[in-house]
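One-letter residues, chain by chain:
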Amino acid sequence: MPEIILENITKRWGKFFGVDNVSLNIPDNSFITLLGPSGCGKTTILRMIAGLETPTEGRIVIGDKVVFDSNAGINVPANKRKVGFLFQNYALWPNMTVYENISFGLKNIHEEMPVVDVAAKQTGDMIRALSNGNKVKEVVEECRDKNGKLDENKAYVKLIDNYNLSIYTAKELFAIGVHTASDPATLAKAKLSEYEKKLSDIKAKYQGEGKSLNDKYEVLKNGEPVIENRKLSKEEIDSRVRACSRIVKIGMFMDRYPAELSGGQQQRVAIARTLAPEPQVLFMDEPLSNLDAKLRLEMRYELQRLHVETGSTFVYVTHDQMEAMTLATRICLVNNGVLQQYAAPLEVYNRPANLFVADFVGNPSMNFVDGKGTQQSDGSVSLDILGGIKARFVPTDALDLNKWREERDKEAADKAEFERQRLMVKGAVEKSNKDEVFKYHIQKVEEQDDSLADEPVITDEDFVIGIRPEAIDIAANGKIDTTIYGAMPTGMESTLKLRVGEFLLTSVIFGGVIYQIGQEEKININGNDILLFDRRSGKLICAGRLEL
């Protein structure tokens with residue numbers, strides 16, 4: 001599978017930037033999730049890679065092929081990019097059976113591909129199946145009902161799944177009657193000899209023409225496959241349909257219509273149809289959003305297994321952070337068309353790049369606490385938090401705040417200069433949906449509408465502390481007095497709202513302890529994953545521990 005490279009991709013409509021200067025490198029055989037709130041540009045990025053949307057600027061490379069380049073005037077159409085697209089609503093043809101839906105795209109393929117000897121392939125498949133007559137009988141006998149009646153359609157599916165056959169070969173194997181013979185091994189052995197001679201004759205014919213067959217039954221000349229511009233044969237189409245249906249476990253539904261299937265089964269049909277043309281990359285646009293919670297969980301496991309079995313590159317759009325965390329090898333988090341962070345799921349969770357990422361990833365959400373203070377000579381930062389509580393933030397790694405701020409200011413200046421230079425180019429427009437520092441939420445007992453309040457004056461002494469709910473622990477020797485403001489036990493854990501003065505903190509306590517509203521407790525803030533953010537820019541400074 002190829003890698004995908006996006007270089008400075010921008011998509012705008014007038015002055016509205018749907019995607020703003022995004023660069024990505026998607027490695028082969030990876031599972032990438034495009035994550036973010038509704039309207040942030042996830043689907044637009046996906047559609048631009050697939051060729052369903054044309055970028056305003058930038059360059060897209062799939063494998064070793066440039067499929068879009070605004071400067072060079074290259075724009076390869078979607079049907080030439082060899083990508084599969086799985087839509088949110090499945091887009092199945094209601095008047096076609098499952099088989100017809102999956103095979104529909106295969107019938108329209110007409111391109112250069114190796115020549116395959118279908119008769120030789122069918123013969124080879126028969127030889128493989130007949131090598132053990134007792135096994136064939138055993139497989140067929142599993143398809144009898146409680147009254148002993150044989151279900152032929154079920155037997156065909158069983159033979160297809162066990163021996164990777166097409167329906168035509170499965171019917172030929174069934175017709176031999178190995179399952180009805182008193183001595184299936186002897187009958188299979190006799191038939192095996194006939195098919196071995198048939199395959200030998202086919203190979204001899206090619207040898208006489210200076211050609212040969214490889215293990216895929218492709219015709220070779222001088223050791224290289226013979227390439228021909230052709231359509232797929234019925235045998236090839238059926239083999240691909242059956243192989244894909246076997247992967248997603250819908251082999252028994254081939255003659256049904258979409259209306260006769262459940263949501264999960266329709267989803268499997270849509271996946272099989274997408275896999276059948278053997279795309280280089282598989283794109284999925286919120287494919288599980290129409291399913292109930294239990295089925296979504298099951299389908300996540302199916303998608304994980306599918307990714308491993310196919311070895312394909314998956315690019316998956318979702319606004320569900322749980323899907324992104326559990327499925328992805330890397331998460332691409334987007335907001336307002338701008339790439340916020342591109343990293344492995346646990347890195348995004350433990351070391352979010354900024355306040356937006358920290359707030360968006362995690363359920364329950366991260367606690368944000370305003371802090372005011374300065375760095376001490378030992379590298380720690382002394383802080384006032386939660387209405388006057390004295391705390392000391394100790395960085396995990398050495399930290400020079402002055403140097404960090406210099407780099408922050410330089411980066412901001414470089415970005416401003418880049419934007420100034422961009423606007424000087426003829427035809428450039430100013431972005432109407434401006435980028436702003438994320439307005440994080442401080443939980444309080446009495447929530448106030450801050451929309452009419454004056455903007456606070458932010459200095460370099462203003463910080464934001466990020467605390468994951470699992471880092472707040474109730475303990476008899478806790479340093480902070482608190483009152484249980486709300487409690488939601490789920491059996492394995494309890495999610496608590498803890499009141500500290502006028503502030504509220506969210507905590508997750510593992511275990512089956514029951515807490516009562518109004519109960520007085522003490523808490524500690526534990527671990528080395530407490531985060532220190534710069535309030536002015538919203539960027540992560542570092543991680544460390546909080547001493548109270």
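Notes on the structure in this doc start here. Since the model is a prediction, treat every value here as computed from it, not as a measurement. (Residues numbered from 1 in each chain as written. Predicted model: local features only at pLDDT ≥ 70, side-chain atom pairs only at ≥ 80, totals over all residues. Heavy atoms only, no water.)

The next point concerns the pattern of salt bridges. With the rule as written, the count across this model stands at 41 salt bridges. Between Lys-390 and Asp-384 there is a salt bridge; the shortest N-O distance is 2.8 Å. For Arg-422, the salt bridge goes to Glu-419, with nearest N and O atoms at 2.6 Å. One end of the pair is Arg-422 and the other is Glu-419, both in helix 14 (residues 401-424) and three residues apart, which spans about a single turn. The exposure class assigned to Arg-422 is buried, which follows from its relative accessible area of 17%. Residue class for Glu-419 comes out partly exposed when judged on its relative accessible area of 27%. (Salt bridge = Lys/Arg side-chain N within 4 Å of Asp/Glu carboxyl O. Helix = DSSP H or I, 4+ residues; strand = E, 2+ residues; numbered from the N terminus. Buried < 20%, exposed > 50% of the residue type's maximum accessible area, 1.4 Å probe, protein only.)

What follows concerns the sheet that holds strand 16 (residues 338-343). Strand pairing in a sheet takes place through backbone hydrogen bonds and is either antiparallel or parallel in direction. With mixed pairing, six strands are arranged side by side in an open sheet as 7-13-14-3-15-16. Because the sheet does not close on itself, it has two edges, and the strands there are strand 7 (83-86) and strand 16. For this sheet, the mean angle separating the axes of adjacent strands, direction not counted, is 15°. In this structure, strand 13 (residues 281-285) lies alongside strand 14 (residues 313-318), joined through five bridges in parallel fashion. Across the sheet, residue Phe-283 finds its bridge partner in strand 14, namely Val-315. Against the sheet, helix 1 (residues 42-50) contacts strand 3 (31-35), strand 7, strand 13, strand 14 and strand 15 (330-335), and its axis sits at roughly 150° relative to strand 13. In this fold helix 9 (residues 263-275) packs onto strand 7 and strand 13, with an angle of close to 165° to the strand it touches most, strand 7. (Pairing = 2+ DSSP bridges. Axes fitted to C-alpha atoms, helices over the stretch in contact; angles between N-to-C directions. Contact = heavy atoms within 4.5 Å.)

Its place among the elements puts Thr-313 in strand 14. Taking relative accessible area as the criterion, Thr-313 reaches 0% and is therefore assigned buried.

The next subject is the nonpolar core. Ranked by internal contacts, the top residues of the largest apolar core, which has 43 residues, are Phe-368, Ile-465 and Phe-533. Top element by residues in this core is strand 27 (residues 540-547). It accounts for five residues. Grouped together as the second largest cluster of nonpolar side chains are 36 residues, Tyr-90, Ala-272, Leu-303 and Leu-306 included. (Core = buried A, V, L, I, M, F, W, Y, C linked by side-chain atoms within 4.5 Å.)

Time to look at helix 8 (residues 234-248). Helix length check: helix 8, at 15 residues, gives a terminal C-alpha distance of 21 Å against a target of 21 Å (1.5 Å per residue), a fit within 8%. Among the 15 residues in helix 8, 11 count as buried, and that is most of the element. Listed as buried for helix 8 are Glu-235, Glu-236, Ile-237, Asp-238, Ser-239, Arg-240, Val-241, Arg-242, Cys-244, Ser-245 and Val-248. Lys-249 lies just past helix 8 and shows a positive phi near 60°. (Expected span 1.5 Å × (residues − 1).)

Note that Lys-431 resides in the loop between helix 14 and strand 20 (462-467). Polar contacts involving the side chain of Lys-431 include one to the main-chain carbonyl oxygen of Asn-336, which spans 3.4 Å. A polar contact of 3.0 Å, which involves the side chain of Lys-431, links it to the side chain of Asp-435. Filtering out sequence-adjacent residues up to four positions away, Lys-431 remains in contact with Lys-15, Phe-17, Asp-20, Asn-336, Val-338 and Arg-422. (Polar contact = N/O pair within 3.5 Å; in protein donor to acceptor, adjacent residues only side chain to side chain.)

Packing of helix 3 (residues 118-130) against helix 7 (residues 184-208) leaves a shortest axis separation of 9 Å and a crossing angle of 150°. Between helix 3 and helix 7, the interaxial angle falls into the category roughly antiparallel. For helix 3 against helix 7, the interelement crossing comes out left-handed. Packed against helix 3, whose contacting residues are Ala-119, Ala-120, Thr-123, Gly-124, Met-126, Ile-127 and Leu-130, the element helix 7 presents Ala-188, Lys-191, Leu-192, Tyr-195, Glu-196, Lys-198, Leu-199 and Ile-202 at the interface. Among the residues making up the contact of helix 3 with helix 7, the classes are represented as 10 nonpolar, two polar and three charged. (Parallel < 35°, antiparallel > 145°, perpendicular 65-115°, else oblique. Left-handed = near helix turned anticlockwise from the far one by under 90°. Nonpolar A, V, L, I, M, F, W, Y, C, P; charged D, E, K, R; others polar.)

Moving on: the pairing of strand 24 (residues 503-510). Successive residues of a regular strand alternate their side chains across the two faces of the sheet. Among the eight residues in strand 24, seven count as buried, and that is most of the element. With eight bridges connecting them, strand 23 (residues 493-500) and strand 24 associate as antiparallel partners. Bridged to Leu-496 within strand 24 is Ser-507. A loop of two residues connects strand 23 with strand 24, the two strands running antiparallel in sequence, and Gly-501 in this loop sits at a positive phi of about 65°.

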